Amino acid sequence: MKMTVHTRQRDYDIEIAHGLLQRVSAFVEPDRRVFILSEDGVPECWRNLLADQFPGAGMFVFPQGEASKNMDTLQDILARMLEHHLTRGDLVLALGGGVTGDLSGLAASLYMRGIDWVSLPTTMLAMVDSSIGGKTAVDFHHLKNSIGTFWQPSLVLIDPDALRTLCPRLLSEGLAEAVKTGMIRDPELFALFESDAYQDHLDEIIWRSLRVKKDIVEADEREGGLRKLLNFGHTFGHAYEELGQGRYLHGECVAMGMMTILENKELKKRLAAVLDRLHLPQSCTVEPAALYRCIESDKKTGHETITIVQVEEMGKGTLETWSLEKMKRKCGL
Ligand SMILES: NC(=O)c1ccc[n+]([C@@H]2O[C@H](COP(=O)([O-])OP(=O)(O)OC[C@H]3O[C@@H](n4cnc5c(N)ncnc54)[C@H](O)[C@@H]3O)[C@@H](O)[C@H]2O)c1
Ligand SMILES: [Zn+2]
């Protein structure tokens, strides 16, 4: 399966196929030097597949986890790229989840004012969401994703075989983003989760999620409006993530955030059944004042109002402007 994303920065292909990680070299011009970026939580078998195809390539493997998504790791990566004498015509291969993609994309955008990078997502979250769209970032001064760029990959290769080594919890948290995508834009995608056999449809789930994200990114490359729809569940989700202090994964927080914000009773029932099936949490006990403080300080908050995403009809997300008073009440104050 293949689709092309059209952006002002560049057009690039997304390929989804089993076994793709074994033939990445077929997509790289032979005279191009390659630098592989990954982290130590990605099972070695996937890294070895790349190393075998690019024997002369440089490689830097940083420690896994969100704690690595910072300026120090970024500097380490850039230093290794310089040591490897990478030029602007060379290529970065980013093998890993969202953390690897965000860091590698940012490094690629800065190195020599920007070199090409190929995204090789290995988590469900990266496959259905973070691998396309060109948002890159590190966390800085305790603010998540506060320093970053828009730098589109030159190619995205998705090999669902990589999911074989992913634990069920990580699989589910990634699928939470696909559930979100279904709710805001694709009723058939959501319906796939309403059958017990959703595991048999993972390729289609990835494909449909990316198709929606592609359409939205193409229409709104730099998050002027439409792209905000992708933040469904994220207003409360980000707050739960911060207040949970590492207890919950991002997708789990999005799941709880969707349940908190969703007002339509019928849809809420359907969403709850799907989250149940995916073993995702549905509610988070937090202190109302702390919750409100978190949401108010979120960088997307305006002065007296806040824009949230609501779903009144399956597959039709809309932006709503809420007064801070309304938000306070929603937080339980
Ligand atoms: N750029 C974007 O548009 C965008 C969108 C959503 C999320 N994000 C970012 O993505 C990050 C979260 O991504 P994530 O959930 O992929 O986290 P992650 O990259 O930390 O990966 C989660 C864990 O899975 C392990 N792992 C990776 N691939 C594996 C595999 N095939 N088998 C077994 N284990 C594997 C990793 O080592 C890690 O421990 C956050 O930093 C978030 O801000 C970015
Ligand atoms: Zn998200």
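Everything that follows concerns the structure shown earlier in this document.
Residues numbered from 1 in each chain as written. Chains lettered and ligands numbered in written order. Predicted model: local features only at pLDDT ≥ 70, side-chain atom pairs only at ≥ 80, totals over all residues. Heavy atoms only, no water.

Student: Help me understand the side chain of Arg208, please; the structure alone is not making it clear to me.
Tutor: Among the secondary structure elements, Arg208 is positioned in helix α7 (residues 202-219). Not counting the four nearest positions on each side in its chain, Arg208 is found in contact with Asp186, Glu188, Leu189 and Leu192. (Helix = DSSP H or I, 4+ residues; strand = E, 2+ residues; numbered from the N terminus. Contact = heavy atoms within 4.5 Å.)

Student: Sorry if this is basic, but what is going on with the sheet that holds strand β1 (residues 2-6) here?
Tutor: Two orientations exist for strands paired in a sheet by backbone hydrogen bonds: parallel and antiparallel. Spatial strand order, β1-β2-β9-β6-β5-β3-β4: seven strands in an open sheet with mixed pairing. Each having just a single partner strand, β1 and β4 (58-62) make up the two edges of the open sheet. Between one strand axis and the next, the sheet turns by 15 degrees as a mean value, whatever way the strands run. Contacts between helix α2 (residues 71-83) and the sheet are confined to β3 (34-39), β4 and β5 (91-96), with β4 contributing the most and set at about 165 degrees to the helix. (Pairing = 2+ DSSP bridges. Axes fitted to C-alpha atoms, helices over the stretch in contact; angles between N-to-C directions.)

Student: Explain the packing of aromatic side chains here, please?
Tutor: In this description, a pair of aromatic rings is defined by centroid distance and the angle of the planes. According to the stated counting rule, one finds three aromatic pairs in the structure shown. Here Phe60 and Phe62 contribute two aromatic rings whose centre-to-centre distance is 6.5 Å and whose plane-to-plane angle is 45 degrees, an arrangement assigned as tilted. With relative accessibility at 1%, the residue Phe62 sits in the buried group. Between the aromatic rings of Phe236 and Tyr240, the centroid separation amounts to 6.2 Å while the plane-to-plane angle is 35 degrees, which identifies the pairing as tilted. Of this pair, Phe236 and Tyr240 both sit in helix α8 (residues 234-244), four residues apart, roughly one helical turn. As far as the burial class goes, Phe236 and Tyr240 line up, both buried. The ring of Trp151 carries the charged tip of Arg10 above its face, separated from the ring centre by 5.8 Å. (Phe/Tyr/Trp six-rings, centres within 6.5 Å; stacked < 30°, edge-to-face > 60°. Buried < 20%, exposed > 50% of the residue type's maximum accessible area, 1.4 Å probe, protein only. Lys NZ or Arg CZ within 6 Å of the ring centre and 35° of its normal.)

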